[in-house]
Amino acid sequence: MAKFLVTGGAGFIGSNFIHYLFGKYPDVEVINLDKLTYAGNLENLKNIENNPGYRFVKGDICDAEIVEPLVKEADFVVNFAAESHVDRSIGEPDDFIKTDIFGTFVLLEAARKYGVKKFIQISTDEVYGSIEDGSFRETDALMPSSPYSASKAGADRLAYSYFVTYKVPVIVTRCSNNYGPYQYPEKLIPLFVTNAIEDKKLPIYGDGKNVRDWIYVMDHCDAIDFVMNHGDDGEVYNIGAGNERNNLEITGIILSELEKPKELMTFVKDRPGHDRRYSVDCSKLHALGWQPKHSFQEAMKLTIDWYKDNREWWEKIKSGEYLEYYKQHYQIEG
Ligand code: NAD
Ligand code: DAU
């Protein structure tokens, strides 16, 4: 029976990954180590919390005392824990440097000390920076342009160095923009869907023509599982689904699916250093045998429907009453 240490498992992708693991491997064991920052939400794992194979540990990946015994127990470490929002990194980069770089270092040190079967470092396509034409390959230079992506690039290469220097069996994944259930409503798709449902304005940065390559979160989870089983140690794998859309196109899809008027769109000041376009070439992963399973149209509809059907989940977060309720419900200190 495989034992996973999933860090950041109460966040968007981490919680979807835990759902994915229990859905695919009924006898799996998962330890979820999460600091429960504003982005961590145990409600994402409600139907899993009583599974005998699941354990939640509240803690910081920067804290070696917490991390070491958990890594010692684990066969597989999948490091999702991070500060993940570009806008926040522009305002207050400190925690990005601490968690994304130092936290990854603490995990890697523990993996070096105790040994693991695989250490998956969840990096991002943002480490390459912006590209006007064509798509980045895994061997291209990293030119991150925000404090978020620069801290992720640091962690990405640090993880690689632990493979080269200490032979820790590291695999690095660089995925494009995810969408799906349980995404914190500060990111484009959940923010715009929930605002539109509430007839609030949708704030489009700049001219709205920035392009992202969108992948359904369960396809990302599936690709991580795939590279864990079929990828080579020390390698980097781009992950994407080939759905490039600009922000105006995404906004149009959301408004039309929810039957809301275009007047909700509002153009606001651009994000400083706003990357124009992300695009990853995934031929390396395709050659290994992986393909996404969800079409963009279907998965966008599934996602919008999920936010329509789960108002309670995001209304609590957006209302600000959430923290008090949450601490009491889960009896969590701090
Ligand atoms: P998220 O912000 O929704 O979740 C991050 C989780 O990490 C939260 O549960 C938070 O409480 C936890 N966390 C933060 N600091 C921690 C610390 N010091 N110790 C322990 N836990 C901590 O993020 P997400 O969108 O789910 O992204 C997960 C990972 O995937 C990140 O590493 C991100 O860089 C990467 N990624 C995200 C995307 C995307 O589109 N969202 C795409 C590619 C890669
Ligand atoms: O590419 C992968 C990355 O995708 C991940 O590594 C990050 O963790 C994740 O946050 C995401 O980064 P982006 O900056 O691309 O995502 P975000 O949802 O913040 O923005 C998507 C696009 O939408 C971007 O061009 C900025 C724009 N935007 C965003 C918000 C929140 C707006 O126009 N208005 C908004 O209110």
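Residues numbered from 1 in each chain as written. Chains lettered and ligands numbered in written order. Predicted model: local features only at pLDDT ≥ 70, side-chain atom pairs only at ≥ 80, totals over all residues. Heavy atoms only, no water.

## Description of the nonpolar core
Here is a general trend for soluble globular proteins: nonpolar side chains tend to be buried in one another's company.
Right, so step 1: Formed by 37 residues in total, the largest nonpolar core has its most connected members in Phe-4, Phe-17, Val-30 and Val-78.
Right, so step 2: Breaking this core down by element, the ones donating at least two residues are β1 (3-7), α1 (12-24), β4 (76-79), β5 (118-124), β6 (170-175), α7 (217-230) and β10 (236-239).
Right, so step 3: Tyr-179, Tyr-182, Tyr-184 and Leu-264 belong to the second-largest nonpolar core, a separate cluster that totals 27 residues. (Core = buried A, V, L, I, M, F, W, Y, C linked by side-chain atoms within 4.5 Å. Buried < 20%, exposed > 50% of the residue type's maximum accessible area, 1.4 Å probe, protein only. Helix = DSSP H or I, 4+ residues; strand = E, 2+ residues; numbered from the N terminus.)

## Describing the site of ligand 2
Right, so step 1: Among the 23 residues in the neighbourhood of ligand 2, the closest are listed as Asp-125, Glu-126, Tyr-148, Arg-271 and His-274.
Right, so step 2: In the environment of ligand 2, an oxygen atom lies 2.7 Å from a nitrogen or oxygen atom belonging to the side chain of Asn-177.
Right, so step 3: Tyr-205 is positioned such that a nitrogen or oxygen atom in its backbone is 2.9 Å from an oxygen atom of ligand 2.
Right, so step 4: Contact with the protein chains removes 94% of the 680 Å² of surface that ligand 2 exposes when unbound.
Right, so step 5: At the level of elements, α6 (188-197) and β8 (202-205) are the ones that each hand at least two residues to the shell around ligand 2.
Right, so step 6: Classifying every residue of the shell around ligand 2 gives 9 nonpolar, 8 polar and 6 charged. (Near = heavy atom within 4 Å. Polar contact = N/O pair within 3.5 Å; in protein donor to acceptor, adjacent residues only side chain to side chain. Areas by Shrake-Rupley, 256 points an atom, 1.4 Å probe, with all protein chains shown as cover. Nonpolar A, V, L, I, M, F, W, Y, C, P; charged D, E, K, R; others polar.)

## Notes on the pattern of salt bridges
Right, so step 1: Here the structure, examined in full by the defined rule, presents 29 salt bridges.
Right, so step 2: Of the charged contacts in the structure, one is a salt bridge between Glu-198 and Lys-318, with a shortest N-O distance of 3.6 Å. With Glu-198 in the loop between α6 and β8 and Lys-318 in helix α11 (residues 311-319), this pair connects stretches of sequence that are 120 residues apart.
Right, so step 3: With relative accessibility at 27%, the residue Glu-198 sits in the partly exposed group.
Right, so step 4: Here Glu-244 and Arg-277 are joined by a salt bridge, their closest N and O atoms 2.9 Å apart. Taken together, the positions of Glu-244 in strand β11 (residues 244-246) and Arg-277 in the loop between β12 (265-268) and α9 (283-288) put the pair 33 residues apart, joining distant regions of the chain.
Right, so step 5: Since its relative accessible area comes to 31%, Glu-244 is described here as partly exposed.
Right, so step 6: One connected set of salt bridges, linked through shared partners, spans Lys-3, Glu-29, Arg-55 and Glu-73. (Salt bridge = Lys/Arg side-chain N within 4 Å of Asp/Glu carboxyl O.)

## What to know about the packing of aromatic side chains
Right, so step 1: Per the stated rule, a full pass over the model turns up 17 aromatic pairs.
Right, so step 2: For the ring pair Tyr-179 and Trp-214, a centre distance of 6.4 Å and an interplane angle of 70° mean the geometry is edge-to-face. Within this pair, whereas Tyr-179 is found in strand β7 (residues 177-179), its partner Trp-214 is found in strand β9 (residues 211-216), the two being separated by 35 residues in sequence.
Right, so step 3: Here Tyr-182 and Trp-313 contribute two aromatic rings whose centre-to-centre distance is 6.0 Å and whose plane-to-plane angle is 70°, an arrangement assigned as edge-to-face. Here Tyr-182 is found in the loop between β7 and α6, whereas its partner Trp-313 is found in helix α11, with 131 residues between them in sequence. Note on accessibility: Tyr-182 and Trp-313 belong to one class, buried. (Phe/Tyr/Trp six-rings, centres within 6.5 Å; stacked < 30°, edge-to-face > 60°.)

## A word on unusual backbone geometry
Right, so step 1: Of note in the backbone geometry, Lys-167 takes a positive phi value of approximately 60° without being a glycine.
Right, so step 2: The exposure class of Lys-167 is exposed, given its relative accessible area of 60%.
Right, so step 3: Of note, the phi angle at Glu-259 is positive, near 55°, even though the residue is not glycine.
Right, so step 4: Looking at the secondary structure, you find Glu-259 in the loop between α8 (247-257) and β12.
Right, so step 5: Under the relative-accessibility criterion, Glu-259 is labelled exposed at 73%.

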